[in-house]
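Fold and contact review
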Amino acid sequence: MSALRQIAGDDLRGAMACFATGVVVVTAAPPEGGPVGMAVNSFVSVSLDPPLVLFCAGNGSTTWPAIHAAGHFCANVLSADQEGLARGFARKGDRFAGVSHTPGITGAPVLTAVHAHLECEIADTHEAGDHTLVIGRVLDLALDQRASPLLFYRSSYRLF
Ligand SMILES: Cc1cc2nc3c(=O)[nH]c(=O)nc-3n(C[C@H](O)[C@H](O)[C@H](O)COP(=O)(O)O)c2cc1C
């Protein structure tokens, strides 16, 4: 039996960076404090029936506990011209300053002019290494057929 290869974090990050993704801002309206949000690219579809999606929250994230407390979230899929939102929602500070949004059916902020948004209730969570898998049941959604996506590939924002 061969010994398991030690995988360095930087090597894994570099290999996974070859996997092009979209960029999603996960928002929520927790019971206390203002709205919260964080940029993620770990967003994927899980199941059509029932309708489930997931994202992964880092164990060091200060936003995830507030999303968990809300019990719901909105996955805002960013459009090509929303790189500024992607950067803003990955920074510390008031992430909603100057950001146009309206409350969705769960109260979670729906960001204006996103490519698509999916409002979810948190259906399940799983601890997985240094992240938590957050599974959401989709309650409502809408998309803009004419928009094009913001992409993230090899640590840079790209256009389709
Ligand atoms: C393109 C991009 C993708 C990201 N993807 C994730 C992700 O999937 N999960 C995560 O926890 N943080 C991700 N982050 C980092 C968060 O946006 C944020 O910086 C981090 O959660 C720390 O902020 P917080 O403490 O307010 O949560 C990503 C950042 C960028 C710019």
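As a reminder, the structure under discussion sits directly above these lines.
Being a predicted model, the structure only gives us computed values, none of them experimental.

Now for the site of the ligand. The ligand sits among 17 residues. The nearest are Val 40, Ser 42, Gly 58, Ser 61 and Thr 63. Where the shell around the ligand is concerned, the elements lending two or more residues are strand E3 (36-40) and strand E5 (52-58). For the shell around the ligand, the leading source of residues is E5, giving 4 residues. A class-by-class count of the residues in the shell around the ligand yields 11 nonpolar, 6 polar and no charged.

What follows deals with the sheet that holds E5. The 7 strands lie next to each other as E3-E2-E6-E9-E10-E5-E4, forming an open sheet whose pairing is antiparallel. Of all strands in the sheet, those bounded by a partner on one side alone are E3 and strand E4 (44-47). Neighbour-to-neighbour, the strand axes of this sheet turn through a mean angle of 35 degrees, independent of strand direction. Bridging between strand E2 (residues 24-28) and E3 involves 5 bridges; their strand directions are antiparallel.

The 3 strands lie next to each other as E1-E11-E12, forming an open sheet whose pairing is antiparallel. Strands at the two margins of the open sheet, each flanked by one partner only, are strand E1 (21-22) and strand E12 (156-159). Inspection of the sheet shows strand E11 (residues 150-153) paired to E12 by 4 bridges, in the antiparallel sense. Note on E12: the bridge partner recorded for Phe 152 is Tyr 157.

Before going further, it helps to examine the nonpolar core. Val 24, Val 26, Phe 55, Phe 73 and Ala 75 are the most contacted members of the largest nonpolar core, which has 35 residues in total. When residues of this core are traced back to their parent elements, those giving at least two are E2, E3, E5, helix H2 (64-70), strand E6 (72-77), strand E8 (109-111), strand E9 (116-128) and E11. With residues near it in sequence (within four places) discarded, Ala 75 still touches Val 24, Val 26, Phe 43, Val 53, Phe 55, His 117, Leu 118 and Cys 120.

Only one face of E11 is covered, namely the one carrying Leu 150 and Phe 152; the face carrying Leu 151 and Tyr 153 has none of its residues buried. Pairing between E1 and E11: 2 bridges, direction antiparallel. Looking at the pairing, Gly 22 lines up with Leu 151 of E11. Counted between consecutive antiparallel strands, the loop separating E11 from E12 contains 2 residues, among which Arg 154 sits at a positive phi close to 50 degrees.

Conventions we followed
- Residues numbered from 1 in each chain as written.
- Predicted model: local features only at pLDDT ≥ 70, side-chain atom pairs only at ≥ 80, totals over all residues.
- Near = placed C-beta within 6 Å.
- Helix = DSSP H or I, 4+ residues; strand = E, 2+ residues; numbered from the N terminus.
- Nonpolar A, V, L, I, M, F, W, Y, C, P; charged D, E, K, R; others polar.
- Pairing = 2+ DSSP bridges.
- Axes fitted to C-alpha atoms, helices over the stretch in contact; angles between N-to-C directions.
- Core = buried A, V, L, I, M, F, W, Y, C linked by C-beta atoms within 7 Å.
- Buried ≥ 20, exposed ≤ 12 C-beta atoms within 10 Å, placed from the backbone.
- Contact = placed C-beta atoms within 7 Å.

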